[in-house]
Amino acid sequence: MKERRTWKAVRTGILAGILALLSGTPPSEAASWRIVGERGCSGGTAETVSLALAAGTPCIAFPDGERDGRATVLRFKGKDWGPVGERGFTPGPADRLGLAADGGTLYAACLDWTAGRTVRVFRFGGTAWEPVGEEGFSGERAGDPVLVVSGGVPWLAFTGGRFSSALTVMRFGGTSWERVGGEDFPGRGITGPSLAVGEDGLPRVAFTDGQNGLRLTVMRFDGDSWRPVGRRGFSAGEAYDPVLVLKDGVPWVAFTDGAADMGATVMRFDGTGWGVVGERGFSPGQADLLRLAVYGGVPYAAFTDFGNRRRATVMRFAWGCWEAVGQEGFSGGPVSWAGLDIALARGGLYAAFPDEADGLRATVMRFGGGHRGWLRPENRDRRGGNPGGAVP
């Protein structure tokens, strides 16, 4: 393993040098992770950070240590970061806080411990954060909320709450939250849900399936009921904290792979079954807090990298193998236990995290350099292999 990694590092270095020569840019400037605004932009502590691009502009949400853990959202204004609405806008500490964008409109979801651990959803209306739907719609003792906004419609998945199923998916119908699938979402022992909504307007959900040996299951709502995508429990071993992405109708999923020494694995559904993208457990070491983005058919995976002292690493699958985007372990220090997030669009690749080297304050970085146009997503391996991919 060590020899393989050494050769991969050498090959990556050679490629970087060639790209720098082609672009006329010195190798040190060819491509790197650079801080967006100032390091520690949150001001106070931010034990978790959620990142979204609102009309291409990076925004972050975090439990604000200077506001007793209530939610704050910041937007990058070109040179520095400024608050979106009031800092600390939630009634109490914001647990499991997530941020989503629909065009330029921002939404946030969290668990509200002041109301029995119910799920709260908010929308920024231009001047202030407004609740979406009635208070307490999830019921008490909910967990693991995941918010997605598609076509102006908010969707939500969570565990526990008022319903008998281990997992609930809901859709906001304009005035109230409506349960998707009625009472028949199958299974118990579901953890770590991830939600995605396709262009067909139908949701898919991935989770660690306690009924199938803690293996990975993905299910799709067909308009009447929930049905498995492929077979239930399709991963080779236990799968933790899955992240589901739908791109051009194709489901991709990343997870910490118990069958590969807790390394990162990405799989893709080909219409009949799930196949591994590249090699299982491709990360340098154990991978936690996986995040996944797909651009131009190229998957990008971010994770807390135990092979690099718990620092942040981003890798992409191009030319038939997984390669680091920039330097492995590029964050200034270890990443907090639940904080890493990435967002990717034509404007660039961004990563946000609470930096333990900076007192758990939030930092946002962007990957870019002199060869941004190299290997654009439409360029593909002429040998019929996988698509290449430059950071857009």
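Rules and cut-offs
- Residues numbered from 1 in each chain as written.
- Predicted model: local features only at pLDDT ≥ 70, side-chain atom pairs only at ≥ 80, totals over all residues.
- Heavy atoms only, no water.
- Pairing = 2+ DSSP bridges.
- Helix = DSSP H or I, 4+ residues; strand = E, 2+ residues; numbered from the N terminus.
- Axes fitted to C-alpha atoms, helices over the stretch in contact; angles between N-to-C directions.
- pLDDT = per-residue confidence, 0-100.
- Contact = heavy atoms within 4.5 Å.
- Core = buried A, V, L, I, M, F, W, Y, C linked by side-chain atoms within 4.5 Å.
- Buried < 20%, exposed > 50% of the residue type's maximum accessible area, 1.4 Å probe, protein only.
- Salt bridge = Lys/Arg side-chain N within 4 Å of Asp/Glu carboxyl O.

Draft legend 1. Representation of the sheet that holds strand β8 (residues 118-124) within the structure. Across the sheet, four strands lie side by side as β6-β7-β8-β9; this open sheet has antiparallel pairing. Each edge of the open sheet is held by one strand with a lone partner, namely β6 (94-102) and β9 (129-131). Direction aside, the axes of adjacent strands within the sheet are offset by 25° on average. As judged from the seven bridges shared by β6 and strand β7 (residues 105-112), these two strands associate in the antiparallel manner.

Draft legend 2. Broad picture of the confidence of the model for the protein. Residues at a pLDDT of 70 or more form 84% of the protein, whose mean pLDDT is 86. Across residues 1-29, where pLDDT falls below 50, the model places 23 contacts with residues more than four positions away in sequence or in other chains. Low confidence marks residues 370-392, where pLDDT is under 50. Its contacts with residues over four positions away, or in another chain, come to 63 contacts.

Draft legend 3. Seen up close, the nonpolar core. Of all hydrophobic cores here, the largest spans 20 residues; its most connected members are W33, Y300, V314, V325, F330, L340 and L349. For this core, the elements supplying multiple residues, two or more each, are β22 (287-295), β23 (298-305), β24 (311-318), β26 (341-345), β27 (348-355) and β28 (361-369). Those residues in contact with F330 that sit more than four places away from it in its chain are W33, A312, T313, V314, A351, F353 and M365.

Draft legend 4. Focus on the pattern of salt bridges. For the structure on display, the rule yields 16 salt bridges. For R120, the salt bridge identified is with D112, shortest N-O distance 3.2 Å. Between D209 and R232 there is a salt bridge whose closest N-O contact spans 2.9 Å. Of this pair, D209 sits in strand β15 (residues 203-209) while R232 sits in the loop between β17 (226-228) and β18 (239-247), placing them 23 residues apart in sequence. According to the relative accessible area criterion, R232 is partly exposed, its value standing at 22%. Via salt bridges that share partners, D112, R120 and E135 belong to a single interconnected network.

Draft legend 5. Spotlight on unusual backbone geometry. The phi dihedral of R96 falls on the positive side, at around 55°, and the residue is not glycine. If you trace the backbone, R96 turns up in strand β6. Phi at W319 is positive, roughly 60°, even though this residue is not glycine. Within the secondary structure layout, W319 lies in the loop between β24 and β25 (321-324). Overall, W319 belongs to the partly exposed group, its relative accessible area being 36%.

Draft legend 6. Quick look at the side chain of D358. With respect to the element layout, D358 can be found in the loop between β27 and β28. Residues within four places of D358 in sequence aside, it is in contact with R39 and G40.

Draft legend 7. Geometry of the sheet that holds strand β14 (residues 190-197). Spatial strand order, β14-β15-β16-β17: four strands in an open sheet with antiparallel pairing. At either margin of the open sheet sits one strand with a lone partner, and together these are β14 and β17. Adjacent strand axes in the sheet meet at a mean angle of 30° when their direction is disregarded. Note that β15 and strand β16 (residues 215-221) share six bridges and pair antiparallel. Of the residues in β16, the one forming a bridge with R204 is R220.

Draft legend 8. Highlighting the pairing of strand β11 (residues 153-160). Here β11 lies mainly inside the structure; seven of its eight residues are buried. Pairing geometry for strand β10 (residues 142-150) and β11, over seven bridges, is antiparallel. When the bridges of β11 are listed, V146 appears paired with A157. Hairpin connection from β10 to β11: two residues lie between these consecutive antiparallel strands, with G151 at a positive phi of about 60°. Pairing of β11 with strand β12 (residues 167-172), which is carried by five bridges, proceeds in the antiparallel orientation. The partner of F158 across the bridge, within β12, is T168.

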